[in-house]
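So you can see what is in the structure, the chains are spelled out below.
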Amino acid sequence: MTDREEMLSRLRAGGVHDRAVLSALAAVPRQEFVPPEHLADAYSDRALPIGEGQTISQPLMVGLIVEALLLKEGDLALDVGTGSGYQAAVMAACGARVVSIERIPALADAAAARLSALGYDVEVILGDGSLGAPDRAPFDAIAVGAAAPRMPVALARQLRDGGRLVVPLSSGDIEELTRLTVTGGRWRTDSLGPCSFVPLIGADAYEGS
Ligand code: SAH
């Protein structure tokens, strides 16, 4: 088995079953998103350092988040915490038009250059994603790739009716991947299981240093 095939079988074993999501994860070249010194681990199921104290998310977490977004072709999706751009690329490979927001300029610039070189339909913007991207809202789906201390209400308000927000929520030492769905103005949340992410830092999140 190739490294990529092994990654896919671990994703299936970890609970990712949607065919479009698995094809997207099979198609996106993760080796293009990891720093050269970690190339050998590009398809291992680990978060890896990408500089600035941040990490490219673990493939299984990206799979679970993107599956939970229930993306349809042409959906407008917001990715909070661009990092390397990997999760945004997987969302675009599922057929979404993606806006991705990152707070660290060096990461935003590198990800924008990488995503455009690889031909993904992703617009990277610099800013505090804990407040969303109000001028681009409403979104069909919003994914947060960093752990929030509470439900980011500004993000939930930027969903259109039927929209989905997937966010890791911390309480104490525990992080729980959570999906909020809006239907007819009502919010419903589902727990999707434990997870581990770097903190979301911003006005409606953790304080930065
Ligand atoms: N999903 C990304 C990795 C995410 S790591 C990937 O696949 O590579 C989380 C990222 O969120 C980091 O780059 C961090 O700088 C960013 N981040 C943290 N708080 C943020 C905020 N309020 N707004 C935007 N980006 C944020």
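Before reading further, recall that the structure is shown in the block above.
Residues numbered from 1 in each chain as written. Predicted model: local features only at pLDDT ≥ 70, side-chain atom pairs only at ≥ 80, totals over all residues. Heavy atoms only, no water.

Here the focus is the sheet that holds strand E9 (residues 186-194). The strand order E5-E4-E3-E6-E7-E8-E9 describes an open sheet built from seven strands, whose pairing is mixed. A strand with exactly one partner marks an edge of an open sheet, and here the two such strands are strand E5 (122-126) and E9. With direction set aside, neighbouring strand axes in the sheet form an average angle of 20 degrees. The pairing of strand E6 (residues 139-144) with strand E7 (residues 159-171) spans four bridges and is parallel. (Pairing = 2+ DSSP bridges. Helix = DSSP H or I, 4+ residues; strand = E, 2+ residues; numbered from the N terminus. Axes fitted to C-alpha atoms, helices over the stretch in contact; angles between N-to-C directions.)

Attention now moves to the side chain of His 38. Looking at the secondary structure, you find His 38 in the loop between helix H2 (19-27) and strand E1 (48-51). Judged by relative accessible area, His 38 falls into the buried class, the value being 19%. Setting aside its immediate chain neighbours within four residues, His 38 contacts Leu 48 and Pro 49. (Buried < 20%, exposed > 50% of the residue type's maximum accessible area, 1.4 Å probe, protein only. Contact = heavy atoms within 4.5 Å.)

As a structural note, the neighbourhood of the ligand is formed by 25 residues, with Ser 84, Glu 102, Asp 128, Gly 129 and Ile 201 the closest of them. Within the side chain of Ser 84, one N or O atom sits 2.6 Å away from an oxygen atom of the ligand. Against a free-state accessible area of 580 Å², the protein chains account for coverage of 99% of the ligand. In this structure, the ligand is accommodated by the largest cavity. (Near = heavy atom within 4 Å. Polar contact = N/O pair within 3.5 Å; in protein donor to acceptor, adjacent residues only side chain to side chain. Areas by Shrake-Rupley, 256 points an atom, 1.4 Å probe, with all protein chains shown as cover. 1 Å grid on protein atoms, 1.4 Å probe; cavity = no way out; pocket = protein on both sides within 12 Å on 5 of 7 lines; lining within 4 Å. Sits in = over half its atoms within 2 Å of the grid points.)

Next up on the list: the state of the cysteines. Summed over the entire model, instances satisfying the criterion amount to zero disulfides. The thiol of Cys 94 is unpaired, and the distance to the nearest cysteine sulfur, on Cys 195, comes to 19 Å. (Disulfide = S-S within 2.5 Å.)

Bringing empty space enclosed by the protein into the picture now. Scanning all chains against the criterion turns up one cavity of 30 Å³ or more. Computed from the structure, the largest cavity encloses a volume of approximately 340 Å³. Together, 28 residues line the largest cavity, and Gly 81, Thr 82, Gly 83, Glu 102 and Ala 146 are the ones closest to its centre. Looking at the lining of the largest cavity, the elements that each hand over two or more residues are strand E2 (54-56), helix H4 (86-93) and strand E4 (97-102). Examining the composition of the lining of the largest cavity, we find that three residues originate from one element, E2, more than from any other. Partitioning the lining of the largest cavity into residue classes produces 12 nonpolar, 13 polar and three charged. (Points joined across faces, edges and corners; volume = space filled by probe spheres on them. Nonpolar A, V, L, I, M, F, W, Y, C, P; charged D, E, K, R; others polar.)

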